[in-house]
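Remarks on the overall topology
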Amino acid sequence: MVNQQTLAASVSVSGIGLHTGVKVNLRLCPAPANTGIVFRRTDLEGFAIEAQSRNVARVSYATSLMKKGVLISTTEHLLSALAGLEVDNVIVEIDNLELPILDGSARPFVELIAQAGFQRQRARKSFLKILRPFEVRDGIKTITVYPADTFQVTYRIDFPHPLIGAQCFEFVRASSSYATEVAPARTFGFLAELEMLRKNGLIRGGSLENAVVLDQTGVINAEGLRFPDEFCRHKLLDLIGDFALLGRPLIGHVVAERAGHALHAQLVSRLLREKKSWKLVSKPEETLRPVSEPAPMFAMN
Ligand SMILES: [Zn+2]
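The paragraphs below set out a description of the structure included in this document. Every value quoted in this text rests on a predicted model; they were computed, and no experiment measured them.

Take the pairing of strand 5 (residues 47-50) next. When a strand is regular, its side chains alternate between the sheet's two faces. Here four bridges tie strand 4 (residues 37-41) to strand 5, and the two strands are oriented antiparallel to one another. Residue pairing for strand 5: Arg 41 is matched across the bridge by Phe 47.

See the structure below:
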């Protein structure tokens, strides 16, 4: 059995929102078992919004949560860090509507969580184990989840850009390091699209400090890329954050092709409704037992 965990202490960070450009203070606080991840707007008397699929509001350029008209925007990088480091219970206090973008990756959140430390809890963790393949599709964009013994993601992208092209990155829970292989990958955008995004009131806080920006031939950031396939790794980072909205870790192999926030969110909400495709288990390594084999007896404790 695997137990739930929370943070050992509260930790804070400040920054600006990518889309709003507004300064925000964020604090991660330990939370009791079975709380899950809950956001609290401290500027609105601590109004709480659970990081659950039913509260997903808008998913085009970022994943936002909304409840009773109250918005929490751009949640995916923090949720990715929490899921990537297997933190089950935390209260996230913010005093504005958008999370800080920091350097555009999940690395500052990983460092913040590491600074807090981990606290193991008595309650058992439950996992959502995939029993049969399940797919969502939007034209040539697809995400399929397959039964597997661990959490695993294969992400493929294909952008008609000389520096990106076709990229594939594979994450396997048992053998990959989220903190070093996934978390540092930054969000990216194309110079040609920035003007349109600005006109739509987006990326007001965007700069070369918090995003990789591409012109027609390459990257305009002086420091270059953190990984040759940083783009694909960032898409995978986003997927891990968006899948945190399942409310519990997934046991299965996710294969995503040219997907994005909208399709990630669609898969999560449809999978939760498709109850024949999964079951809850308390051990990640639990395998399906043939029906003919009698189940062993366990002492209850
Ligand atoms: Zn992202």
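That covers the picture; the talk isn't over yet.
Relative to the elements of secondary structure, Gln 121 occurs in strand 10 (residues 118-124). Here Gln 121 falls in the buried class, since its relative accessible area comes to 13%. In this structure the side chain of Gln 121 is engaged in a polar contact, spanning 2.9 Å, whose partner is the backbone oxygen of Ala 31. Residue contacts for Gln 121: discarding those within four places in its chain leaves Asn 3, Gln 4, Gln 5, Thr 6, Ala 31, Pro 32, Ala 33 and Asn 89.

Pairing is mixed in the open sheet, where five strands are placed in the order 2-3-9-4-5. The open sheet has two edge strands with one neighbour each: strand 2 (11-16) and strand 5. The sheet shows a mean angle of 25° between the axes of neighbouring strands, direction not considered. Where strand 4 lies against strand 9 (residues 90-94), five bridges are found, and the strand directions are parallel. Bridge pairing in strand 9 places Arg 40 opposite Glu 93. Helix 2 (residues 107-116) contacts strand 2 and strand 3 (23-30) of the sheet and is inclined by roughly 160° relative to strand 2.

Next up on the list: the coordination of the zinc ion. At 2.1 to 2.7 Å from the zinc ion lie its protein donor atoms, namely His 77 (NE2), His 234 (NE2), Asp 238 (OD) and Asp 238 (OD). Bound by four donor atoms, the zinc ion shows angles of 53 to 148° at the metal and therefore irregular coordination geometry.

Looking now at helix 6 (residues 261-273). The end-to-end C-alpha separation of helix 6 is 19 Å, in line with the 18 Å expected for 13 residues at 1.5 Å each. Turning to helix 6, its buried residues number three or more, namely His 261, Leu 263, His 264, Ala 265, Leu 267, Val 268 and Leu 271.

Before going further, it helps to spend a moment on the environment of Ile 49. With respect to the secondary-structure elements, Ile 49 resides in strand 5. Judged by its relative accessible area of 0%, Ile 49 is buried. For the pair Ile 49 and Val 92, spaced 43 residues apart in sequence, the C-alpha to C-alpha distance is 9.7 Å. Filtering out sequence-adjacent residues up to four positions away, Ile 49 remains in contact with Val 38, Phe 39, Asn 55, Leu 65, Lys 67, Val 70 and Ile 72.

Their axes nearest at 9 Å, the elements helix 5 (residues 230-243) and helix 6 cross at an angle of 35°. Crossing hand, helix 5 versus helix 6: right-handed. Here Lys 235, Asp 238, Leu 239, Asp 242 and Phe 243 of helix 5 come into contact with helix 6, specifically with His 261, His 264, Leu 267 and Val 268. In terms of residue class, the contact of helix 5 with helix 6 is made up of four nonpolar, two polar and three charged.

For any two helices packed against each other, one specifies the crossing angle of their axes together with the interaxial distance. At their nearest, the axes of helix 1 (residues 76-84) and helix 2 sit 9 Å apart, and the two run at 45° to each other. Taken together, the axis directions place helix 1 and helix 2 in an arrangement best described as oblique. The hand of the helix 1/helix 2 crossing is right-handed. Where helix 1 approaches helix 2, its residues His 77, Leu 78, Ala 81 and Leu 82 are matched on the opposing element by Phe 109, Val 110 and Ile 113. Taken together, the residues of the contact of helix 1 with helix 2 sort by class into six nonpolar, one polar and no charged.

Reading guide: rules and limits
- The numbers attached to residues start from 1 for each chain and follow its sequence in the written order.
- Reporting in this predicted model follows two pLDDT cut-offs: at least 70 for local features of residues, and 80 or more for side-chain atom pairs to be given and counted; totals over whole chains, interfaces and linings ignore these cut-offs and use all residues.
- Excluding hydrogens and water, the side-chain values take into account all heavy atoms of the structure.
- By this definition, two strands are paired if DSSP reports at least two bridges between them.
- Secondary structure elements follow DSSP: runs of H or I no shorter than four residues count as helices, runs of E no shorter than two count as strands, and numbering proceeds from the N terminus.
- When accessible area is computed with a 1.4 Å probe and restricted to protein chains, residues below 20% of their type maximum are described as buried, those above 50% as exposed, and intermediate ones as partly exposed.
- Polar contact is the term for a pair of N or O atoms within 3.5 Å; when the atoms are in protein, one must be able to donate a hydrogen and the other to accept it, and sequence-neighboring residues count only if both atoms are side-chain atoms.
- We call two residues in contact when some of their heavy atoms are within 4.5 Å.
- Geometry is summarised by axes, namely lines fitted to C-alpha atoms with helices restricted to the contacting stretch, and by angles between N-to-C directions that run from 0 to 180 degrees.
- Only N, O and S atoms count as donors, using a 2.8 Å limit from the metal and a wider 3.2 Å limit for Na, K and Ca, and since water is excluded some coordination spheres may look unfilled.
- Note on geometry labels: four donors, all angles 85 to 135 degrees, give tetrahedral; four donors become square planar and six octahedral when opposite donors are over 155 degrees apart and every other angle is between 65 and 115; remaining cases are irregular.
- Here, expected helix span is obtained from the residue count minus one, scaled by 1.5 Å.
- Helix crossings get a hand from a simple test, with the near helix turned counterclockwise from the far one by less than a right angle marking a left-handed crossing and a clockwise turn marking a right-handed one.
- Amino acids are sorted into nonpolar (Ala, Val, Leu, Ile, Met, Phe, Trp, Tyr, Cys and Pro), charged (Asp, Glu, Lys and Arg) and polar (every other residue, Gly among them).
- Small angles under 35 degrees read as roughly parallel and large ones over 145 as roughly antiparallel, with 65 to 115 read as roughly perpendicular and the rest as oblique.

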